[in-house]
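# A closer look at the structure
As a plain string of letters, each chain reads:
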Amino acid sequence: MIEKSQFVGCFKGLAIGDALAASYEGGPIERLLWHFLGRTKIGQRRYTDDTQMSIDIAQSFLTCKHLDQTHLAQTFANSYRWSRGYGPSAAHLLKGIKNGESWERLNRKKFAEGSMGNGAAMRAPIAALCSLSCHDGLMDYVSKSAEITHAHPQAIEGAQLIAHATRLALIGVESIGILQALCVNVIAPVYKLKLSKCLGYVAGGKLQPITVIKAELGNGMLASESCVTALYFAFMYRRLAFSEMLQAICDLGGDADTIAAMAGAIWGAINGGLALIEYDNQIEDLAVIEQLASSIYFRYQEMVQ
Ligand SMILES: [Mg+2]
């Protein structure tokens, strides 16, 4: 039986990872900008687009009781604020939706095959929680929630890997079992190669130097450069403190907030919300996030009864 604490841990882990790693993302200009934007008036750490779009997924699901792409696209657009650190393509797309354009036309406007970024994978853990709580299948739920902003097959597959790992973590599958399950169904060669490397590291049980992780798994903004990296951190640190995992991801740099959001969600799904209690007053809106996670869990309980 999945516990409510695991839903709460998953959502809070995502938000805490995102907020605390945000000031380690990108180069000097991004870091300097977040130095000024990264705190609320009362000194709490602000979350970025990763958490905002995850909140959007949760709120749209709780309103519609299933995945409604038009409603979700509108929810994404209504929540858009430049100060959350959205990438330029996502910002352009969301402003277009807000101005009445259709997401089906906008999501392949800049890139013919759609964006390959990790913006769908970063919110995929919450899509996994929602799909557990309704009749829609996991892969269908994730791909439909992904394609609104990230239509490229690699972006969708990255989101599916993160969501599938989240679901298996929730039901108590061990790390190696999760990675083996992901390896069975993976399509893109880049994921196949990186998952097999990640499986080797996790099976070996020895933390790799950050330089090795950066070179072999990646730390970039593409889904193919960050999703398996997040799985590596979630599984290698599953029995260690969240703060140790976070420090390692910040040391890795690159797209640190999104890697920490994805790894944090899976770590939280495994270890539960109580393991994250020390962060309760440090991050904005964690009480709201806990409430959303609890509401999705109550829907899940209604489904399984
Ligand atoms: Mg972000």
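See the structure above.
The following paragraphs examine the structure supplied in this document. (Residues numbered from 1 in each chain as written. Predicted model: local features only at pLDDT ≥ 70, side-chain atom pairs only at ≥ 80, totals over all residues. Heavy atoms only, no water.)

### Observations regarding the nonpolar core
If you look at the biggest cluster of nonpolar residues, it comprises 109 residues, and the most contacted ones within it are Phe7, Ile126, Leu231, Phe233 and Ile296. When residues of this core are assigned to their parent elements, the largest contribution, 11 residues, is made by helix α15 (residues 256-271). With residues near it in sequence (within four places) discarded, phenylalanine 7 still touches Ile2, Leu129, Leu132, Ser133, Leu170, Ala293, Ile296, Tyr297 and Tyr300. (Core = buried A, V, L, I, M, F, W, Y, C linked by side-chain atoms within 4.5 Å. Buried < 20%, exposed > 50% of the residue type's maximum accessible area, 1.4 Å probe, protein only. Helix = DSSP H or I, 4+ residues; strand = E, 2+ residues; numbered from the N terminus. Contact = heavy atoms within 4.5 Å.)

### Considering the packing of helix α1 (residues 4-21) against α15
Taken N-terminus to C-terminus, the directions of α1 and α15 make an angle of 160 degrees; their axes are 6 Å apart at the nearest point. With respect to α15, the element α1 is oriented roughly antiparallel. Of the two elements, α1 crosses α15, and the hand of that crossing is right-handed. Contacts from Gln6, Gly9, Cys10, Gly13, Leu14, Gly17, Asp18 and Ala21 of α1 reach α15 at Ala256, Asp257, Ala260, Ala261, Gly264, Ala265, Gly268 and Ala269. When the residues that make up the contact of α1 with α15 are grouped by side-chain class, the tally is eight nonpolar, six polar and two charged. (Axes fitted to C-alpha atoms, helices over the stretch in contact; angles between N-to-C directions. Parallel < 35°, antiparallel > 145°, perpendicular 65-115°, else oblique. Left-handed = near helix turned anticlockwise from the far one by under 90°. Nonpolar A, V, L, I, M, F, W, Y, C, P; charged D, E, K, R; others polar.)

### Looking at the side chain of arginine 45
Examined against the element boundaries, arginine 45 turns out to sit in the loop between α2 (28-37) and α3 (49-64). No salt bridge forms around the buried arginine 45; measuring N to O, its nearest opposite-charge neighbour glutamate 284 is 9.8 Å away. Ignoring any residue separated from it by four or fewer positions in sequence, one finds arginine 45 in contact with Ala19, Leu20, Ser23, Gly38, Arg39, Gln282, Ile283 and Glu284. (Lys, Arg positive; Asp, Glu negative; His and termini not counted. Salt bridge = Lys/Arg side-chain N within 4 Å of Asp/Glu carboxyl O.)

### Description of the layout of surface pockets
For the largest pocket, the calculated volume is near 940 Å³. Lining the largest pocket are 44 residues, with Gly85, Tyr86, Gly87, Pro88 and Met221 positioned closest to its centre. Contributions of two or more residues to the lining of the largest pocket are made by α2, α3, α5 (88-98) and α15. Counting residues per element, the lining of the largest pocket draws most heavily on α5, at six residues. Taken together, the residues of the lining of the largest pocket sort by class into 17 nonpolar, 17 polar and 10 charged. (1 Å grid on protein atoms, 1.4 Å probe; cavity = no way out; pocket = protein on both sides within 12 Å on 5 of 7 lines; lining within 4 Å. Points joined across faces, edges and corners; volume = space filled by probe spheres on them.)

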